[in-house]
Amino acid sequence: MSRELDVKLHPAQLEIFNSEARFKVVSAGRRFGKSRLAAWILIIKALQSEEKDVFYIGPTFQQAKDIMWGMLKELLLGTDLIDTTHENTATMTLTNGRKISLKGSDRPDTLRGVGLAYVVLDEYVSMKVEVWEQIIRPTLADVKGGALFIGTPAGKNHFYDLWMEADKDSNEDWEAFQYNSTDNPLIDPEEIDIARKNMSTQAFRQEFEASFVSFTGGIFKSDWIKTEDEEPEDGNFVMAVDPAGYENVEKERGLKGSKLDETAIAIVKIDGDHWWVKDILHGRWSIKETAKKILSSAIENEVTTVGIEAGALKNAILPYLEDEMRVAGRWVPITDVSHGGKKKTDRITWSLQGRLEHGKISFNPDPSYIKDLEVQLVEFPTKGTHDDIIDALAYIDQVSVADFMHTIELDDDWEPYDDVSGY
């Protein structure tokens, strides 16, 4: 028998294991290895504790026992660290006197009245909020114990809210983690591909990519996204820009990057009533970077009009954009696009829903924006989800109107009365 532990974890598990945060919230896809990670953490915390015990809490006691009891015994097999085990109560006493107890959140009375060094709440999404806030959190106060929340998302609920709070820089004791199933190197990628082909996009993203997908959108359907490899021969390129808070400004305000909106630049070729979406650039850039991307994209695609959402953000970027144009010696027409007093939901729906449903918009399949576009379309207009990409695309509707001069057919003998205005 040995007192040595052979802790084997893959790199993503080790990142969580080695984190010094007191409270860790882990959103992970199926088969990531959440339970094995939890088991090792429970063992280590119990061995390190001088006074208090540790709990593993599942949605029910039977689920907790089914998931964790056999794994704990397996990991400690061949060591002399176990003093006693009680099968009925699923309680394991280690040789240092500390206990690892398995519990069910559906029996809250069994969770009261004890002090704890550490607790794991598995599939927290299936538990009532009060289990943590009113029962478990106070038990950690004596010795400043810690907690691990783990699970696979199931929409946007209290688990999502907790993960979002943990991801804030201001919460120094907390840390949030998010991993795909493929972050476990032991999983055969072919199994993931099979699941991808047989599951809906939303279900796959939730179960295997650990995304907090909401199924309450419904305005757009993923099968409306039609791709077209070849650029249409006729038509003009236009661009629409939906600017967001610029990266350097937001850093000064202390905002975390994952919470910021993105600037999105839609590059679309319009031929009559058909749109071919070549690309939608999106990211969090400085003002100067944004200006450079707008101008370089406009020059590369020989766009006839660039629409930028009117307001303070456009006013901030315009001087930089004008500087870039002066340096490049190339000028592009800039026009305002605006919400026009409409709610965002109505504006985006009105601009895109009919066109997508009737195949009047097709997409270049090569760029990396396609996946993010689909996510935003399917989840729109769910609260808390990004819509920057589809917002920029919706503004193409207004840019196409502003660009009408390029579609007017003139008689061969047409001459302007005024050489300056073209009237």
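Everything discussed here concerns the structure shown above.
1. Things to note about helix 10 (residues 312-328)
Because the α-helix completes a turn every 3.6 residues, residues three or four places apart line up on one side.
Okay, so step 1: Look at helix 10: 25 Å from first C-alpha to last across 17 residues, which is about the 24 Å you get at 1.5 Å a residue.
Okay, so step 2: At Leu318, helix 10 shows its largest bend, some 30°, and a proline, Pro319, comes one to four positions later.
Okay, so step 3: All of the buried residues in helix 10 are Lys314, Ile317, Leu321, Glu324 and Met325.
Okay, so step 4: Looking at the buried residues of helix 10, the elements they touch are helix 9 (287-300), strand 13 (305-309) and strand 14 (334-337).
Okay, so step 5: Positive backbone phi, approximately 70°, marks Gly329, located one or two places after helix 10.

2. Remarks on the nonpolar core
Across soluble globular proteins, nonpolar side chains show a tendency to be buried alongside one another.
Okay, so step 1: Among the nonpolar cores identified, the biggest contains 37 residues, and Ile16, Met68, Leu72, Ile100, Leu102, Val120 and Leu148 are the most heavily contacted of them.
Okay, so step 2: The element contributing the most residues to this core is helix 2 (residues 34-48), with eight residues.
Okay, so step 3: With sequence-adjacent residues up to four places away left out, Ile16 is seen in contact with Lys24, Val26, Phe32, Leu37, Leu148, Phe177 and Tyr179.
Okay, so step 4: Of all hydrophobic cores here, the second largest spans 32 residues; its members include Phe220, Val337, Ile389 and Ala392.

3. Looking at unusual backbone geometry
Leaving glycine aside, a negative phi is the common case for residues, and trans is the common case for peptide bonds.
Okay, so step 1: Here the amide bond leading from Phe380 into Pro381 is cis, since omega sits at 5°, within 30 degrees of zero.
Okay, so step 2: As for its position among the elements, Pro381 is in the loop between helix 12 (369-379) and helix 13 (388-402).
Okay, so step 3: One non-glycine residue, Ala90, lies in the positive phi region at around 50°.
Okay, so step 4: Classification of Ala90 as buried rests on a relative accessible area of 0%.

4. Remarks on helix 4 (residues 129-139)
Okay, so step 1: Along helix 4, the positions that sit buried rather than exposed are Val131, Trp132, Ile135, Ile136 and Thr139. Buried residues along helix 4 cover an arc of 130° about the axis, so they all sit on one side. Helix 4 presents Glu133 and Gln134 as exposed residues on the side facing more than 90 degrees away from its buried surface.

5. Here we look at the pairing of strand 1 (residues 23-28)
Okay, so step 1: Extensive coverage of strand 1 is indicated by the burial of six of its six residues.
Okay, so step 2: Covered by surrounding structure in strand 1 are Phe23, Val25 and Ser27 together with Lys24, Val26 and Ala28, the residues of both alternating faces.
Okay, so step 3: Judged from the five bridges that link them, strand 1 and strand 7 (residues 146-151) form a sheet pairing that is parallel. Within the sheet, the bridge partner assigned to Ser27 lies in strand 7 and is Gly151.
Okay, so step 4: In the sheet, strand 1 pairs with strand 8 (residues 174-179) via six bridges, with the strands oriented parallel. By the bridge assignment, Phe23 is partnered in strand 8 with Trp174.

6. Topic: a negative patch on the surface
Okay, so step 1: On the surface, Asp229, Glu230, Glu233, Asp234, Asp271 and Asp366 cluster together into a negatively charged patch.
Okay, so step 2: Tracing the chain through its elements places Glu233 in the loop between strand 9 (226-227) and strand 10 (236-242).
Okay, so step 3: Among the residues examined, Glu233 registers a relative accessible area of 78% and is labelled exposed.

Conventions and cut-offs
Residues numbered from 1 in each chain as written. Predicted model: local features only at pLDDT ≥ 70, side-chain atom pairs only at ≥ 80, totals over all residues. Heavy atoms only, no water. Helix = DSSP H or I, 4+ residues; strand = E, 2+ residues; numbered from the N terminus. Expected span 1.5 Å × (residues − 1). Bend = angle between axes of the 7 residues up to and from the residue. Buried < 20%, exposed > 50% of the residue type's maximum accessible area, 1.4 Å probe, protein only. Contact = heavy atoms within 4.5 Å. Core = buried A, V, L, I, M, F, W, Y, C linked by side-chain atoms within 4.5 Å. Arc of directions from axis to C-beta. Pairing = 2+ DSSP bridges. Patch = residues over 30% accessible without salt bridge, like charges linked within 9 Å, V, L, I, M, F, W, Y side chains within 5 Å. Areas by Shrake-Rupley, 256 points an atom, 1.4 Å probe, with all protein chains shown as cover. Salt bridge = Lys/Arg side-chain N within 4 Å of Asp/Glu carboxyl O. Lys, Arg positive; Asp, Glu negative; His and termini not counted. Charge placed at Lys NZ, Arg CZ, Asp CG, Glu CD.

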